[in-house]
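# Commentary on secondary and tertiary structure
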Amino acid sequence: MAEQLTQAEAANRLMRLAREIARHDRLYHDRDEPEISDAQYDALVRENAELEARFPHLVRPNSPSRRLGAAPSGPLAKVQHARAMLSLENAFSQDEVGEFAARVRRFLNLPADAHVAMTAEPKIDGLSCSLRYEGGELVLAATRGDGTVGEDVTANVRTIADIPQRIDGAPQVLEVRGEVYMSKEDFAALNERQEAAGGKIFANPRNAAAGSLRQKDASITAARPIRFLAHGWGELSEPLAGSQFEAIRRIEALGLPVTDLLVRCDDLTAMLAHYRAIEKARADLPFDIDGVVYKVDRLDWQERLGQVARAPRWGLAHKFPAEKAETTLEAIHIQVGRTGKLTPVGRLKPVGVGGVIVANVTLHNRDEIQRLGLRIGDRVRIQRAGDVIPQVVENLTRDEARAPYAFPDHCPECGSEAVSEEGEVDVRCTGGLICPAQRFERLRHFVSRGALDIEGLGEKTIAEFITLGWLHSPADIFRLHRHRGELLERDGWKEKSVDNLLAAIEAKREPEGPRLLFALGIRHIGIVTARDLLKCFATVEALREAATGQDAQAELSGVEGVGPVVAEALVDFFHEPHNREVLDDLLSEVRPKAFVSEARQTQWTGKTIVFTGSLEMMSRDEAKAQAERLGARAAGSVSAKTDLVVAGPGAGSRSSKAEEFGVRVIGEEEWARIVAQAG
Ligand code: IVH
């Protein structure tokens, strides 16, 4: 699919994917209620990665490849992980596993026939958890959350029988990481009990385990049959061993449960053989798994390989194929989003796919419905991958004479015209803030956690205030205090809840600039781009000036992290008088704080380094990764802007060019010393 899209279509699809994946992340991590399978989720992530690989300049600031799942919510306390909890890159074919092994060898600068031993083990379908022991005592247990900040589930974890409260002979600081899960048998029995008691029925064992662990009241966790399997570690005061395999054996010896399906493989053939063996055993295993995880065995190599974005270069998840099913498309409903986009959602005759009942599918957009030739009543083949939104992969009744589905040309929410811009696949409502759906979605976005994060101003309250005519645009939020008296008279509002809400709003009168910019809901401006922009312009006003100036497009595109798509979106946004009014109004109510960049500084931050000649101690990719870790940029050719040249033997013209520009030239060994000192 990625090969067929034009650039405009790809930009659009990437935007949609980012939103869709984020939504599924929230459903999965925050609500434990995924709508689609793991395999389907993976298909989305993969499509995103393929498109990004084909159109690197279209990589979005809020791209799923830059995130680590949804940030945690709910009532549990948040905890910062001592070391980030990473995710894994996925592979779906033997070829991709082969490519992974080759990539590892190349990065380590090993010959193509070198043996790189890898471990192979089941990928357990649970939720990851980090257990911190200090002096042998369990002191903290945390969920992954967004990878950097998780939730404190210490009290809950203390009720899990598999997990020792204290261990002998452990390093002073030991973080054991692994999967909390529920066995298939315990899951079925729990659902029976829940049904008998009129309680919540869980869709699958993973949701049941997550719902059981993330409880404010640990006595509920205690009553649930959840278990733990260790597969790694976080912070350590001393190394556990020299290899992945031995380290896991050590964790086992310390008294933590580990899988008995962990093996060390000498080569690709052995890895793939173990994959097939696990796939064969899958149905008979007591717990759900969704693939096999491979890890480079030598820990010094893992260290050198490091990570890229959210996943380590030394690990790979080889997933089992997606599951498919056939059913009937009973209706198509149109949802209107924040930017007015009309998204068709297919309602299905509910069908079981790989143990989950599926009743909704995303149909993406008008073109997708056309491509599949969908009509209400068609038989369709759907695919569910992992725990995320299912998709229609095939229409099984293509040749029938019934009229195809007509995509609406008016917004179902406000009746305004719905149009698609040239080169765009999405159809949008032109009603702007007149459209109740858009107004609602924009306000909801404005107060959401990543944006202004106003506590207590949830969906229901926003809807209530819109109906009352109190909320039209974001600035109105800061004028809600004028309605205090009326609000107190309304059902469900007491003095305390009203004052808490008003206080939460007042607390955001001096928001961080990037959050405010992100909260405006400008297309393509995620929080990362908002930060990149304000690193350069410092204030929203200065940005607006640039975006309405003569060379706006060129000036904005020149900002690090900002491409033409973002630049155009900014110019469009600030060109629209209504948006300028909304912003002026808002800035009359709030005073955003001046933006201070928090990036870690080293002596090399912002410097440009060129690696040249054939490096012998490391591959060029490894050298580049090292430079980036120090905050430097690795460039391909020497120019007056170059700060340092690292030259291997045979560097030739580049090092003579360096002399010409008076740039310092060093050898590989000296570079290694710089890296060691800075690290
Ligand atoms: S290793 C840095 N091993 O899969 C690598 N993860 O998709 C961290 N998972 O967040 C993970 N079984 O929650 C590893 N045997 C296994 C696993 C496993 C399940 C989960 C884990 C991780 C996710 C990544």
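Above this text sits the structure in question.
Residues numbered from 1 in each chain as written. Predicted model: local features only at pLDDT ≥ 70, side-chain atom pairs only at ≥ 80, totals over all residues. Heavy atoms only, no water.

## Side note on the site of the ligand
Close contacts around the ligand come from 14 residues, with Glu 121, Ile 124, Ser 128, Glu 179 and Lys 295 the closest. Interatomic distance of 3.1 Å between a side-chain N/O atom of Lys 123 and an oxygen atom of the ligand. One of the side-chain N or O atoms of Lys 295 is found 3.1 Å from a nitrogen atom in the ligand. Protein contacts shield 88% of the accessible area of the ligand, which totals 520 Å² for the unbound molecule. (Near = heavy atom within 4 Å. Polar contact = N/O pair within 3.5 Å; in protein donor to acceptor, adjacent residues only side chain to side chain. Areas by Shrake-Rupley, 256 points an atom, 1.4 Å probe, with all protein chains shown as cover.)

## Quick notes on the nonpolar core
Among the nonpolar cores identified, the biggest contains 51 residues, and Phe 446, Phe 465, Ile 477, Leu 517, Ile 522 and Leu 570 are the most heavily contacted of them. Secondary-structure elements contributing two or more residues to this core are helix H12 (436-447), helix H13 (459-467), helix H16 (495-506), helix H17 (513-519), helix H18 (527-537), helix H19 (540-548), helix H21 (564-575) and helix H22 (577-587). Ranked by the residues each element gives to this core, the list is headed by H21, at six residues. Once residues lying within four places of it in the same chain are set aside, the contact partners of Phe 446 are Ala 451, Leu 452, Asp 453, Pro 474, Ile 477, Phe 478, Leu 516, Ala 519 and Leu 586. Val 153, Ile 167, Ala 209 and Phe 245 belong to the second-largest nonpolar core, a separate cluster that totals 37 residues. (Core = buried A, V, L, I, M, F, W, Y, C linked by side-chain atoms within 4.5 Å. Buried < 20%, exposed > 50% of the residue type's maximum accessible area, 1.4 Å probe, protein only. Helix = DSSP H or I, 4+ residues; strand = E, 2+ residues; numbered from the N terminus. Contact = heavy atoms within 4.5 Å.)

## Some points on the packing of H19 against H22
Packing of H19 against H22 leaves a shortest axis separation of 12 Å and a crossing angle of 160°. Here H19 lies roughly antiparallel to H22, going by the angle between them. Between H19 and H22 lies a crossing whose hand is left-handed. For the pair H19 and H22, the contacting residues are Val 540, Glu 541 and Arg 544 in the first and Arg 580, Leu 583, Asp 584 and Leu 587 in the second. Across the contact of H19 with H22, the residue classes tally to three nonpolar, no polar and four charged. (Axes fitted to C-alpha atoms, helices over the stretch in contact; angles between N-to-C directions. Parallel < 35°, antiparallel > 145°, perpendicular 65-115°, else oblique. Left-handed = near helix turned anticlockwise from the far one by under 90°. Nonpolar A, V, L, I, M, F, W, Y, C, P; charged D, E, K, R; others polar.)

## Observations concerning the sheet that holds strand E10 (residues 289-296)
If you walk across this open sheet you meet the five strands as E2-E13-E10-E3-E9, and the pairing is mixed. With one partner strand each, in any of the chains shown, strand E2 (90-91) and strand E9 (263-265) form the two edges of the open sheet. On top of the sheet, helix H8 (residues 244-253) reaches strand E3 (118-124), E9 and E10; it is set at about 170° to E9, its chief contact. Along the sheet, helix H9 (residues 268-281) makes contact with E3, E9, E10 and strand E13 (315-319), crossing E10 at roughly 160°. (Pairing = 2+ DSSP bridges.)

## Focus: the pairing of strand E7 (residues 173-182)
Taken across its 10 residues, E7 has 10 buried, putting it largely inside the fold. In terms of strand pairing, strand E4 (residues 127-134) meets E7 through eight bridges, oriented antiparallel. Each residue of the ladder has a partner; that of Ser 128, found in E7, is Glu 179.

## Comments concerning the packing of H18 against H19
It is the contact of H18 with H19, at a shortest axis distance of 9 Å, that shows an interaxial angle of 90°. Here H19 runs roughly perpendicular to H18, going by the angle between their axes. Listed contacts from H19 to Leu 533, Leu 534 and Phe 537 of H18 are Val 540, Ala 542, Leu 543 and Ala 546.

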